[in-house]
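The primary structure of each chain is shown beneath.
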Amino acid sequence: MTVARAAIAYWAVVFALGFVLGTLRTLWLAPAIGLLPATLAELPVMLAASWWASGWLVRRWQIASATAALAMGGLAFALLMAAELGLAMVLMELSPAQWLAGLRQPHALIGLAGQLVFAALPWWRVRGAVTSA
């Protein structure tokens, strides 16, 4: 249960920031500089926030094993993908197949790579804490 709570908190913190930054990227930055450059500009901010959030939540929920950290990141990733699909269906009226096909676009692949790093960060933080102790 602790891992699930940590994963939900991790997802919520990062998703909230991503929702705000994604809105700014979509409405203002992408029209000014293009979708791929805008995504590349947003990615380091999201990864830094994910690094901070994963470390804070691993400590807060006392996630100590690599297995628990992988489960935390995996569940948070699943929640993130479900939320993105839900938003795509509601806000952009995309079908799941259309949303999935859109992930082949260069900007979406960059975003997906960042989301996979997001999923791995709890494990990385736990692994770093063990090896540096």
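Residues numbered from 1 in each chain as written. Predicted model: local features only at pLDDT ≥ 70, side-chain atom pairs only at ≥ 80, totals over all residues. Heavy atoms only, no water.

## Section: the pattern of salt bridges
When charged atoms on two side chains of opposite charge get close, those side chains can pair.
No. 1: Scanning the entire structure with this criterion turns up one salt bridge.
No. 2: Two residues, glutamate 42 and arginine 25, come together in a salt bridge whose shortest N-O distance is 2.2 Å. Of this pair, glutamate 42 sits in helix 2 (residues 35-60) while arginine 25 sits in helix 1 (residues 2-33), placing them 17 residues apart in sequence. For the pair shown, glutamate 42 and arginine 25 are each scored as buried. (Salt bridge = Lys/Arg side-chain N within 4 Å of Asp/Glu carboxyl O. Helix = DSSP H or I, 4+ residues; strand = E, 2+ residues; numbered from the N terminus. Buried < 20%, exposed > 50% of the residue type's maximum accessible area, 1.4 Å probe, protein only.)

## Topic: the nonpolar core
No. 1: One finds Tyr10, Val14, Ile63, Met72 and Phe118 to be the most contacted residues of the largest nonpolar core, which totals 26 residues.
No. 2: No other element matches the nine residues that helix 3 (residues 66-91) contributes to this core.
No. 3: If sequence neighbours within four positions are ignored, isoleucine 63 has contacts with Thr2, Val3, Ala6, Val58, Ala68, Ala69, Met72 and Val126. (Core = buried A, V, L, I, M, F, W, Y, C linked by side-chain atoms within 4.5 Å. Contact = heavy atoms within 4.5 Å.)

## A few points about the environment of threonine 26
No. 1: Summarising the element assignment, threonine 26 is placed in helix 1.
No. 2: Distance in space between the C-alpha atoms of threonine 26 and threonine 39 is 9.1 Å, their sequence separation being 13 residues.
No. 3: Within the structure, threonine 26 has its side chain in polar contact with the backbone oxygen of glycine 22 (distance 2.8 Å). (Polar contact = N/O pair within 3.5 Å; in protein donor to acceptor, adjacent residues only side chain to side chain.)

## Things to note about helix 3
No. 1: When the terminal C-alpha atoms of helix 3 are compared, their 37 Å separation across 26 residues agrees well with the 38 Å that a helix rising 1.5 Å per residue should span.
No. 2: The set of residues buried in helix 3 consists of Ala68, Ala69, Met72, Gly73, Ala76, Phe77, Leu80, Met81, Ala83 and Ala88.
No. 3: In the segment just after helix 3, glutamate 93 is the residue with positive phi, at about 55°. (Expected span 1.5 Å × (residues − 1).)

## Some words on a nonpolar patch on the surface
No. 1: Where nonpolar side chains cluster on the molecular surface, the patch consists of Phe19, Met89, Val90, Leu91 and Met92 and spans about 540 Å² of accessible area.
No. 2: With three residues, the single largest contributor to the nonpolar patch is helix 3.
No. 3: Along the chain, phenylalanine 19 turns up in helix 1. (Patch = residues over 30% accessible without salt bridge, like charges linked within 9 Å, V, L, I, M, F, W, Y side chains within 5 Å. Areas by Shrake-Rupley, 256 points an atom, 1.4 Å probe, with all protein chains shown as cover.)

## Description of the packing of aromatic side chains
No. 1: In total, this model carries five aromatic pairs according to the counting rule given.
No. 2: Residues phenylalanine 15 and phenylalanine 19 carry aromatic rings whose centres are separated by 6.3 Å and whose planes lie at 45° to one another, so their mutual orientation is tilted. Linking phenylalanine 15 with phenylalanine 19, this pair stays in helix 1, spanning four residues, or about one helical turn.
No. 3: Accessibility expressed as a relative area gives 41% for phenylalanine 19, which makes it partly exposed.
No. 4: The interplanar angle of 80° and the centroid separation of 5.4 Å between the aromatic rings of tryptophan 51 and tryptophan 124 together place this pair among those described as edge-to-face. Placement of the pair is tryptophan 51 in helix 2 and tryptophan 124 in helix 5 (residues 106-131), with a sequence separation of 73 residues.
No. 5: Assessed through its relative accessible area of 37%, tryptophan 51 is described here as partly exposed.
No. 6: Residue tryptophan 124 is classed as partly exposed on the basis of its relative accessible area of 44%.
No. 7: Following the ring pairs from residue to residue traces out a cluster consisting of Trp11, Phe15 and Phe19.
No. 8: Arginine 60 extends its terminal NZ or CZ atom over the ring of tryptophan 61, reaching a point 4.6 Å from the ring centre.
No. 9: One Lys or Arg, arginine 125, reaches over the ring of tryptophan 51 and ends 4.0 Å from the middle of that ring. (Phe/Tyr/Trp six-rings, centres within 6.5 Å; stacked < 30°, edge-to-face > 60°. Lys NZ or Arg CZ within 6 Å of the ring centre and 35° of its normal.)

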